[in-house]
Amino acid sequence: MSADDYFGRNRFATELIKHIKFVPTPFTLGLDAPWGCGKSFFINHVLLPKARTENLPVIIYDAFEHEKDDDVFVSMVTNILEQASALCSTNQTTAKSIISKIANTTGRLVKTCVKIGANAATKIIFKESLEGIAEKFDTKPEVAQTVGGEIDKAIENFILSRVEEGDSYKKLKLLFQMQLAELATEISKNSRLVIIIDE
């Protein structure tokens, strides 16, 4: 340990980079410590320079800088793609093509998530409205039974649409992961792309 590294951060960064270079991808790693302990300092001033010397591309998304953005996912992907574009020094045409595909998939993912959320909210409101109507006709059992049957059908249709939309979301998520892997291959000699979300 050098005189400048009282806390062993350089050694930790070296070991972390070794781990990142050889662990199967994709993977998630968390650095957890109380606020003010130096996580951002470690990332920006210790880990990032060491990663650069190892030819390991790193993208940092600063969550505090983007905390007021309307859509966190879109903000994060946009920021990642901007930084990835800057890292693509070899084949700009291929990199831009990959980035364009990722942007398209991101849009499709957001639409699917919005559709799933809107669908769920609509079905909940619809179900509550039907139940309210059924209560008003409680004195007429045949009407209540008919309305109850409609509620059951609506719930069944809702569940089936959720399964369908969930499958679509899973496929888009997998496509998104594959496109990020393709981008990593284009940017990095060792097909690694480190994305850090600093919050």
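To be clear, the structure that these remarks concern was listed above.
As a starting point, this report considers the structure included with it.

### Examining the environment of Leu31
And then number 1: Within the fold, Leu31 resides in the loop between α1 (9-22) and α2 (39-53).
And then number 2: On the basis of relative accessible area, Leu31 is assigned to the partly exposed category, the value being 35%.
And then number 3: In this structure the C-alpha to C-alpha distance between Leu31 and Ile43, which are twelve residues apart in sequence, comes to 9.8 Å.
And then number 4: What Leu31 contacts, discounting residues up to four positions off in sequence, is Phe12, Lys39, Phe42 and Ile43.

### Structural notes on a negative patch on the surface
And then number 1: Where like charges cluster on the molecular surface, the negative patch consists of Glu65, Asp69, Asp70 and Asp71.
And then number 2: Among the structural elements, Asp71 can be located in the loop between β1 (58-62) and α3 (72-87).
And then number 3: A relative accessible area of 32% means that Asp71 is categorised as partly exposed.

### Section: the layout of surface pockets
And then number 1: Taken as a whole, the largest pocket holds about 1300 Å³ of empty space.
And then number 2: Along the wall of the largest pocket there are 35 residues; nearest its centre are Phe27, Thr28, Leu193, Ile195 and Ile196.
And then number 3: The greatest single-element share of the lining of the largest pocket, amounting to eight residues, is contributed by helix α5 (residues 141-187).

### Examining the side chain of Gln179
And then number 1: With respect to the helices and strands, the residue Gln179 is situated in helix α5.
And then number 2: When neighbours within four sequence positions are excluded, Gln179 is seen to be in contact with Ile98, Lys101, Ile102 and Thr105.

### A few points about unusual backbone geometry
And then number 1: Of note, the amide linkage connecting Thr25 to Pro26 takes the cis form, showing an omega dihedral of -10 degrees.
And then number 2: As for its position among the elements, Pro26 is in the loop between α1 and α2.
And then number 3: With phi around 55 degrees, Asn55 is a residue other than glycine that occupies positive phi space.
And then number 4: The residue Asn55 is located in the loop between α2 and β1 in this model.
And then number 5: Look at Asn55 and you get partly exposed, because its relative accessible area is 48%.

### Points about the pattern of salt bridges
And then number 1: One pass over the full model with this rule turns up three salt bridges.
And then number 2: Here Glu15 ties to Lys18 by a salt bridge, and the two come within 3.4 Å at their closest N and O atoms. Taken together, the residues span about one helical turn, with Glu15 and Lys18 both in helix α1 at a distance of three residues.
And then number 3: For Lys18, a relative accessible area of 45% puts it in the partly exposed group.

### A look at the pairing of strand β2 (residues 194-198)
And then number 1: Side chains Val194, Ile196 and Asp198 of β2 all project onto a buried face; the interleaved residues Ile195 and Ile197 project onto a face where none is buried.
And then number 2: Inspection of the sheet shows β1 paired to β2 by five bridges, in the parallel sense. Looking at the pairing, Tyr61 lines up with Ile197 of β2.

What counts, and at which threshold
Residues numbered from 1 in each chain as written. Predicted model: local features only at pLDDT ≥ 70, side-chain atom pairs only at ≥ 80, totals over all residues. Heavy atoms only, no water. Helix = DSSP H or I, 4+ residues; strand = E, 2+ residues; numbered from the N terminus. Buried < 20%, exposed > 50% of the residue type's maximum accessible area, 1.4 Å probe, protein only. Contact = heavy atoms within 4.5 Å. Patch = residues over 30% accessible without salt bridge, like charges linked within 9 Å, V, L, I, M, F, W, Y side chains within 5 Å. Areas by Shrake-Rupley, 256 points an atom, 1.4 Å probe, with all protein chains shown as cover. Salt bridge = Lys/Arg side-chain N within 4 Å of Asp/Glu carboxyl O. Lys, Arg positive; Asp, Glu negative; His and termini not counted. Charge placed at Lys NZ, Arg CZ, Asp CG, Glu CD. 1 Å grid on protein atoms, 1.4 Å probe; cavity = no way out; pocket = protein on both sides within 12 Å on 5 of 7 lines; lining within 4 Å. Points joined across faces, edges and corners; volume = space filled by probe spheres on them. Pairing = 2+ DSSP bridges.

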